[in-house]
Amino acid sequence: MAQGFSNGNQSTVEAAYRFGEFELNPSDRMLKRNGSGVALAPKAFDALLCLVGRAERLVTKEDLREKLWPGLHVSEANLTNTIVSLRKLVGHEAIRTVSKHGYRFEMKVECEPGVARGTYERFARAKELTAQRSLESMTQARELLWTCLAQDPGFAAAWAWMGRCCWFVGKFSGSLARMKEVTEAAFERALAIDPDLACAHQYYTLVQVDTGHADKAMARLTKRLERHGGEPECFAGLVQVLRFRGMLRESEEAHRRALELDPAIATSVAHTRFLLGEYAAAIESYGGRAAYYLDAAAWAALGESERAASLLRERLEKMPLSKLMSALMSSLLAVVEGRKDDAVRTMEGANVVYEPEIVMYFARHFARLGMAERAAECLRTAMEAGFVCAPETLGHDVWFASMPGVTVWAGK
């Protein structure tokens with residue numbers, strides 16, 4: 001394998017992880033700082049390799065002990081001393097302790113073995129773009145990932161992120177029929193290359209719940225947690241799965257577990273809290289991410305109609321939105337402004353295939369408009385698509401509460 005790249009050739013495959021002033025070469029078992037070799041004990045090297053290879057993700061104490069002392073019982077002090085020695089070398093802030101669970105390597109990894117630096121840089125940029133959660137940013141990320149995969153078809157993580165982007169773009173651009181096959185192929189390829197890839201399991205969950213297979217996602221994630229009990233990505237996936245199955249308190253607990261393992265992880269708990277009728281908590285949870293619908297809906301549920309309308313008007317005017325997201329937000333604006341006919345027309349014209357949760361939000365809109373039968377029809381459609389509307393939502397949601405007998409209608 002080539003040692004790094006030379007003469008500015010961005011296509012040469014890297015042999016080492018690069019972070020800060022360091023290079024970590026697994027095949028040569030060598031750590032360099034600014035090009036010079038650094039002495040490192042074998043156990044410390046293995047620990048650093050494990051942490052860097054899973055950078056920005058939790059590595060549990062159990063995983064590290066099994067990696068460093070397979071089949072042996074060693075005291076906590078052995079692992080602690082190893083981490084202390086690494087911190088002296090790479091910096092105390094580089095390795096973060098996750099209380100009671102393990103450690104996380106927090107330095108930015110600029111490339112990894114087996115991937116060309118230019119390819120890895122595009123991959124990293126694509127991941128940054130997905131955080132914006134807009135149709136434009138996801139489309140840009142998808143194009144970067146196509147380039148990465150053209151250069152390196154064996155890049156498992158790029159396939160997983162490609163699947164995520166394709167599903168998002170397909171749903172919100174109205175091209176899901178075409179994108180569904182591409183999405184599933186991307187996840188199949190990612191898991192074929194690396195069956196243990198955490199991000200592939202996390203993002204494939206989104207596809208399963210949207211296509212009415214939350215039960216299969218639940219079984220897969222539960223089985224995975226039996227082997228990887230400290231994986232925050234699994235708990236993040238369960239937040240959505242459990243909500244779709246109507247298990248809202250369990251969804252909240254999955255969020256707590258995910259956050260305990262990784263304080264920086266993003267989950268969809270804001271939607272769970274909204275369905276529990278905890279509108280202020282939903283607004284707080286929704287903060288810090290690209291804001292579209294949910295906080296406005298929560299303000300409206302709290303009786304702050306003008307505040308909700310102001311947010312929606314501003315976003316509809318200034319943000320690039322997909323047709324589906326525009327329909328969801330526009331119909332809510334019409335509801336809070338009392339424009340019943342506009343709200344109904346907008347909802348009827350929306351393409352909600354593979355969007356059972358949005359159908360449930362439309363049910364709330366119809367309920368607020370006093371259209372009980374249409375609300376019940378939406379709830380039944382959502383349930384048939386795999387979304388179980390929890391009793392807590394039907395009983396405590398302020399808009400559903402204005403519709404007597406909703407639980408009876410929903411079950412017809």
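To keep things clear, this report deals only with the structure shown in the data block. (Residues numbered from 1 in each chain as written. Predicted model: local features only at pLDDT ≥ 70, side-chain atom pairs only at ≥ 80, totals over all residues. Heavy atoms only, no water.)

### A short note on the overall build of the protein
Spelled out, the test is: In DSSP terms, a helix is any run of H or I states spanning at least four residues, a strand is any run of E spanning at least two, and both are numbered starting from the N terminus. Radius of gyration: C-alpha atoms only; globule rule: 2.2 Å multiplied by the number of residues to the exponent 0.38. Each residue gets one of three labels from its accessible area relative to the maximum for its type: buried under 20%, exposed over 50%, partly exposed in between, using a 1.4 Å probe on protein chains only.
For the protein, the helix and strand inventory stands at 21 helices and 8 strands. The globule rule puts the C-alpha radius of gyration for 412 residues at 22 Å, and the 24 Å found for the protein is close to it. Taken over the C-alpha atoms alone, the protein extends approximately 75 × 45 × 35 Å along its principal axes. Split into buried and exposed, the 412 residues of the protein put 52% on the buried side.

### Details of the sheet that holds strand E8 (residues 109-111)
Filter applied, for reference: When DSSP locates at least two bridges between a pair of strands, those strands are taken to pair. Axes here mean lines fitted to C-alpha atoms, for a helix over just the part in contact, with angles spanning 0 to 180 degrees between N-to-C directions.
Spatial strand order, E4-E3-E2-E1-E8: 5 strands in an open sheet with antiparallel pairing. In this open sheet, the two edge strands, each paired with only one partner strand, are strand E4 (36-38) and E8. Ignoring strand direction, the axes of neighbouring strands in this sheet form an average angle of 30 degrees. The pairing of strand E2 (residues 22-25) with strand E3 (residues 30-33) spans 4 bridges and is classified as antiparallel. Across the sheet, the residue bridging to Glu23 is Lys32, located in E3.

### Focus on helix H8 (residues 198-210)
What counts here: What a helix should span is 1.5 Å times the count of its residues minus one. Two residues qualify as a contact provided that any one of their heavy atoms is within 4.5 Å of a heavy atom in the partner residue.
Across its 13 residues, H8 extends 19 Å between first and last C-alpha, which sits within 8% of the 18 Å expected from 1.5 Å per residue. Ala198, Cys199, Ala200, His201, Gln202, Tyr203, Thr205, Val207, Gln208, Val209 and Asp210 are the residues of H8 that are buried. Elements that come into contact with the buried residues of H8 comprise helix H6 (156-173), helix H7 (176-193), helix H9 (214-227), helix H10 (232-244) and helix H18 (356-368). Gly212, located one to two residues past H8, shows a positive phi value of around 80 degrees.

### Description of the packing of aromatic side chains
For clarity, the cut-off: Between rings of Phe, Tyr and Trp, where Trp is taken as its six-membered ring, a pair exists when centres lie within 6.5 Å; planes separated by under 30 degrees are stacked, by over 60 edge-to-face, and by other angles tilted.
This model, assessed by the stated rule, comprises 12 aromatic pairs. Summarising the aromatic geometry, the rings of Phe19 and Phe105 are spaced 5.1 Å apart at their centres and angled 80 degrees between planes, so their arrangement reads as edge-to-face. One end of the pair, Phe19, is in strand E1 (residues 17-19); the other, Phe105, is in strand E7 (residues 102-105), with 86 residues separating them in the sequence. An identical accessibility class is assigned to Phe19 and Phe105; each is buried. The interplanar angle of 20 degrees and the centroid separation of 6.5 Å between the aromatic rings of Tyr120 and Phe155 together place this pair among those described as stacked. On the criterion of sequence distance, the pair formed by Tyr120 in helix H4 (residues 117-130) and Phe155 in the loop between helix H5 (135-151) and H6 is long-range, its members being 35 residues apart. A single burial state applies to Tyr120 and to Phe155, both of which are buried. Among the aromatic residues, those joined into a cluster by ring pairs are Phe274, Tyr279, Tyr293 and Tyr361.

### Some details on the environment of Leu332
Position of Leu332 among the secondary structure elements: in helix H16 (residues 323-336). For Leu332, a relative accessible area of 0% corresponds to the buried category.

### Looking at H4
Helix length check: H4, at 14 residues, gives a terminal C-alpha distance of 20 Å against a target of 20 Å (1.5 Å per residue), a fit within 8%. The elements touched by buried residues of H4 are E1, E8, H5 and H6.

### Quick word on the pattern of salt bridges
The following threshold applies: Salt-bridge detection follows one rule: a side-chain nitrogen of Lys or Arg within 4 Å of a carboxyl oxygen of Asp or Glu.
Within this structure, the stated rule accounts for 37 salt bridges. Two residues, Glu143 and Arg142, come together in a salt bridge whose shortest N-O distance is 3.3 Å. Arg142 gets classed as buried once you look at its relative accessible area, which sits at 12%. Residue Glu348 is joined to Arg374 by a salt bridge in which the shortest nitrogen-to-oxygen separation is 3.0 Å. Taken as a pair, Glu348 in helix H17 (residues 340-348) and Arg374 in helix H19 (residues 372-384) lie far apart in primary sequence, 26 residues in all. The exposure class of Arg374 is partly exposed, given its relative accessible area of 26%. Put simply, Arg57, Asp196, Arg224, Arg227, Glu231 and Glu233 are held in one network by salt bridges that share partners.

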